[in-house]
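# A closer look at the structure
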Amino acid sequence: MNVERDTTVQTYAHLMLEHLSAGIALFDANDLCLLASNAMYDSLHQVEWQQGRALGHTLDEILNGAANHAEILDIIAIFRNVAETGTFFHAQEYPTSGSMRSTKYWDWMLEPIFEQGQVRYVLVTVTDVTAQVVARMQTDQAHAALTQVHHASELELQRLAHVETILSSLQNMHRPKELAQAVLAAIDTCFSPHLLAFYSAQPGQKNLSLLASHTSASPPHEELAFPSNPLDSSEFPTLQAFYQSEPVIRLKSQDTGRNKNEEKDAFLALPAIQCVIYVPLWKNRCEGVLVVAFASRQEAYELLVRTLSECAPYLAEALVSTRLHAAMIDERRRLYTILDQLPEGIVLVESRTSKISYINTAAAHMLGFDASQLIGVPLNQVEQSLTGAHIPGQQPETASHWKFALIDTLWGKTITNQELSITRLDGSKIVVLGSTAAIRTPQGMTTEAVMVFQDITALKQLEQQKSDFFAIANHELRTPLTVITGFAELLHMRATSETDGMYKYATQSITQECDHLMQLIHEMLDVSRLEYDQLKIQSQYQDLLVPLRQAVDKYVHSTSTHRLRFTLEGIQPTTSLMGWFDMLRIEQVLHNLINNAIKYSPLQSEIEVGVSLYCNIPAIRQEVLIWVKDQGIGITASDLPHIFERFYRADNMDRSISGFGIGLYLTKELVQEHGGRIWVESTEQQGSTFFVVLPLKEIIHEV
Ligand code: ADP
């Protein structure tokens, strides 16, 4: 098929231009009259200029009223410039104000077309790039926001790193000063300020005192007294921070003349300082204030304020606990200093580890060690840890007595005044008197065991010497006494009717005094036996009444100086009081009591020895009561509690009355050995009654 194509080129060119997505137009360079434009370009005009109605009109006419005046002038100027100068114009993102205040962006090209060296036409190509520009701008905004977030998170990371550095400086600090120094060093690492000061507010004190500083120049205040009215603190930012619990930031005024506050602010007044931050350390109460000063105003002090505000409660808590810890250590040191001065040995063992947690100088000396060698050593490794081996010649059981006592105490068994033998490192032996106790928490858990002991080796040796002395003295004294008594009796027997009275009196006196001496020797021997727990009574099941009566009868007949009376109360003479008695010892008891009654009452006064049954209500056991009553000098109330003590003699009697003060002591021991008890009732100058109660097994009433 043959198609007519002579106008085809123009038609097709027109068709292409009409469907081009860019607007294209041709202007006359002389008057800027629109010569041709495609549909897209037309659509950019106001409605009244569309559909070819703009053709043949000048740019001024077409634009008039289309955009704002400044924009029109700007566009016309650009057109004119291209038309007059023949320069190419290209704006990639030319903004114009669109409808509804929205901005449109144009990729806009003006190309001069020359004819005979003159600019004849101006070819305009314009593309709406608003969508691309808006998309790019949104991307840019998102990017900016991201960068901002990134920056903020980097700052936060940095702050967290600072917080970590500062908080890790608190570890293992035991004293407030140490803590303050460590904290300031950490802040210095993080922020490198010009000056740092750490003030502490110790409870009960009326000032803030400087604990530590970190600077070449010393901080202006060593101490800052609290004002009587907290409102007066506003002039002193350190105090202001203390009271208000919020950080205070002070910047140096740029004016040459200083303001009033600045004058008061001693930190800000320092020549190099431009900015000072005061951070209170709060945890329930303000424990102190940190002062951080910078030499320039550009320092990141906001970061510092946030960092320190976050750390402040932990710093306050650490300060409180180091204060407590330091006070505890000081108190413990004071206590240990006192304990080290004591002559008694003290050992403390920790329950959890069985390690020696404290040993005083006296204890270490007694055990033959150095205190420093023993602290921290487990009980079972004391010898090995010091010698590295078993100590030759040391019996494990004797070596460990004191350690066993401590271990027993950790398990709840305590000892009181127990003799323990200790073999020391050098092999020498000592005897100690030790007591132990468990140290418990309020919940009753044993945390430590303490042992207190004293070296009684010398005392023991002395006792041994004394015992040896008594044994020897007993023998050495008794032998000549027996001989003297024997000969005195012999001489007495040889007396004749012619022998003068003096002779008889002398021989009798020798015998009597020898008996007295012998009795004393026996008593002394009994006392030393008692000390060594060797005084044993030999009881037999027998009647008490008959032998008792016989013993008293002996006195009734032999005593001429006093009137001795035997009384039975509520008992028949034929009644048998059966029980376990060592009759010799019972006689000794009676002898001591009657002898004392004779010694301590006037001549010819009456002495009553009485026996009755002793009835407890409700009677659980049968007992007999024996009493010896005199009308003598009596015993003062202050002496009464002591007269049964060894070697005790009352003050109210004539010192010429012989005696050692051991008779009643022995009497009491003998009564107690029989399971009985003894007491006295006495009124001075009126007389005394000694009561003895002895247990009975059976009472037989004979008909
Ligand atoms: P002494 O050998 O001194 O008599 P005792 O142990 O028998 O020792 O008595 C201790 C002290 O008790 C006496 O020294 C005396 O002061 C006082 N005492 C004992 N019995 C009597 C008594 N019957 N009347 C007054 N005082 C007495």
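None of the values given here were measured: they were computed from a predicted structure.

## Some words on the overall build of the protein chain
Counting secondary structure elements, the protein chain contains 19 helices and 24 strands. For the protein chain, the C-alpha radius of gyration of 60 Å lies well beyond 27 Å, the compact-globule estimate for 703 residues. Relative to its 703 residues, the protein chain shows a buried fraction of 40%. For the protein chain, the share of sequence-separated contacts (at least 6 apart) that also reach a separation of at least 24 residues comes to 55%. Accessible area of the protein chain: about 39,900 Å², with a carbon and sulfur share of 55%. Of note, the protein chain has its 52 positive side-chain charges centred 9 Å away from the centre of its 81 negative side-chain charges.

## With respect to unusual backbone geometry
Located in the positive-phi region is asparagine 172, a residue other than glycine, with phi close to 55°. Considering the arrangement of structural elements, one finds asparagine 172 in the loop between helix H5 (130–168) and helix H6 (176–191). The phi torsion at phenylalanine 647 lies on the positive side, around 65°, for a residue other than glycine. Along the chain, the position of phenylalanine 647 falls in the loop between strand E21 (623–629) and helix H19 (663–673). The class for phenylalanine 647 is partly exposed, based on a relative accessible area of 48%.

## Side note on H6
In this model, H6 (16 residues) spans 22 Å end to end at C-alpha, consistent with the 22 Å of a helix rising 1.5 Å per residue. For H6, every residue scored as buried is listed here: Pro176, Leu179, Ala180, Ala182, Val183, Leu184, Ala186, Ile187, Cys190 and Phe191. Turning to H6, the residues buried within the fold contact H5, strand E6 (195–200), strand E7 (207–213), strand E11 (285–294) and helix H9 (301–341). Within two residues after H6, serine 192 carries a phi angle of roughly 40°, on the positive side.

## Considerations on the site of the ligand
The environment of the ligand is formed by 21 residues, the closest being Asn596, Tyr600, Asp630, Arg649 and Leu664. The separation between an oxygen atom of the ligand and a polar main-chain atom of phenylalanine 660 is 3.2 Å. Coverage of the ligand by the protein amounts to 97% of the 530 Å² it exposes when considered alone. Elements with a contribution of two residues or more to the shell around the ligand: helix H18 (583–599), H19 and strand E23 (687–695). No other element matches H18, which puts three residues into the shell around the ligand. Partitioned by chemical class, the residues of the shell around the ligand number 12 nonpolar, six polar and three charged.

## Quick notes on the packing of H6 against H9
For the pair H6 and H9, interaxial distance at closest approach is 9 Å and the crossing angle is 165°. Considering the angle they form, H6 stands roughly antiparallel to H9. Crossing hand, H6 versus H9: right-handed. Where H6 abuts H9, its residues Pro176, Leu179, Val183, Ile187 and Phe191 lie against Leu303, Leu304, Thr307, Leu308, Leu315, Ala318, Leu319, Thr322, Arg323 and Ala326. The residue makeup of the contact of H6 with H9, split by class, is 12 nonpolar, two polar and one charged.

## Brief notes about the packing of helix H16 (residues 501–531) against H19
Running from N to C, H16 and H19 point in directions that differ by 55°, and their axes come no closer than 10 Å. When the axis of H16 is compared with that of H19, the two are oblique. Seen from above, H16 lies across H19 with left-handed handedness. Within the contact between the two elements, H16 uses Glu523, Asp526, Val527 and Leu530 and H19 uses Gly663, Tyr665, Leu666 and Glu669. Grouping the amino acids of the contact of H16 with H19 by side-chain chemistry returns four nonpolar, one polar and three charged.

## Notes on the nonpolar core
In terms of nonpolar packing, the biggest core is built from 44 residues, with Leu544 and Leu694 touching the most fellow members. No other element matches the eight residues that H18 contributes to this core. With sequence-adjacent residues up to four places away left out, leucine 694 is seen in contact with Leu544, Phe581, Ile586, Gln622, Glu623, Val624, Ile626, Val671, His674 and Gly676.

## Describing the sheet that holds strand E17 (residues 540–543)
The strand order across the open sheet formed by three strands is E17-E19-E24, and the pairing between neighbours is antiparallel. Pairing within the sheet leaves two strands with one partner each, and these edge strands are E17 and strand E24 (698–700). Direction aside, neighbouring strands of the sheet carry axes that sit 25° apart on average. Bridge count for E17 against strand E19 (residues 576–581) is four bridges, and the pairing is antiparallel. Each residue of the ladder has a partner; that of glutamine 542, found in E19, is glycine 579.

## Section: a nonpolar patch on the surface
A surface patch of nonpolar side chains, amounting to about 420 Å² of accessible area, comprises Val483, Phe487, Leu490 and Met493. Residue placement: phenylalanine 487 occurs in helix H15 (residues 457–493).

## Concerning the environment of proline 378
Looking at the element boundaries, proline 378 is found in the loop between helix H11 (371–374) and helix H12 (382–387). The spatial distance from the C-alpha of proline 378 to the C-alpha of serine 354 is 5.4 Å, given a sequence separation of 24 residues. The contacts of proline 378, once residues within four sequence positions are left out, are Ser354 and Lys355.

## Points about helix H17 (residues 545–558)
In a regular helix each residue adds 1.5 Å, so 14 residues correspond to 20 Å; H17 covers 20 Å between its end C-alpha atoms and thus fits that length. Within H17, the full set of buried residues consists of Leu545, Pro547, Leu548, Ala551, Val552 and Tyr555. Contact partners of the buried residues in H17: E17, strand E18 (563–569), E19, H18, strand E20 (606–614) and E21.

## A word on the pairing of strand E12 (residues 345–350)
In terms of residue burial, E12 counts as a mostly covered element, since five of its six residues are buried. One ladder, built from six bridges, connects E12 with strand E16 (residues 446–455); its direction is antiparallel. Each bridged residue has a counterpart across the sheet, and for valine 347 the counterpart in E16 is methionine 451. In terms of strand pairing, E12 meets strand E13 (residues 356–359) through three bridges, oriented antiparallel. In the strand pairing of E13, valine 349 is matched with isoleucine 356. A loop of five residues connects E12 with E13, the two strands running antiparallel in sequence, and serine 354 in this loop sits at a positive phi of about 60°.

The rules behind the values
Residues numbered from 1 in each chain as written. Predicted model: local features only at pLDDT ≥ 70, side-chain atom pairs only at ≥ 80, totals over all residues. Heavy atoms only, no water. Helix = DSSP H or I, 4+ residues; strand = E, 2+ residues; numbered from the N terminus. Rg over C-alpha atoms; globule rule 2.2 N^0.38 Å. Buried < 20%, exposed > 50% of the residue type's maximum accessible area, 1.4 Å probe, protein only. Contact = heavy atoms within 4.5 Å. Areas by Shrake-Rupley, 256 points an atom, 1.4 Å probe, with all protein chains shown as cover. Lys, Arg positive; Asp, Glu negative; His and termini not counted. Charge placed at Lys NZ, Arg CZ, Asp CG, Glu CD. Expected span 1.5 Å × (residues − 1). Near = heavy atom within 4 Å. Polar contact = N/O pair within 3.5 Å; in protein donor to acceptor, adjacent residues only side chain to side chain. Nonpolar A, V, L, I, M, F, W, Y, C, P; charged D, E, K, R; others polar. Axes fitted to C-alpha atoms, helices over the stretch in contact; angles between N-to-C directions. Parallel < 35°, antiparallel > 145°, perpendicular 65-115°, else oblique. Left-handed = near helix turned anticlockwise from the far one by under 90°. Core = buried A, V, L, I, M, F, W, Y, C linked by side-chain atoms within 4.5 Å. Pairing = 2+ DSSP bridges. Patch = residues over 30% accessible without salt bridge, like charges linked within 9 Å, V, L, I, M, F, W, Y side chains within 5 Å. Salt bridge = Lys/Arg side-chain N within 4 Å of Asp/Glu carboxyl O.

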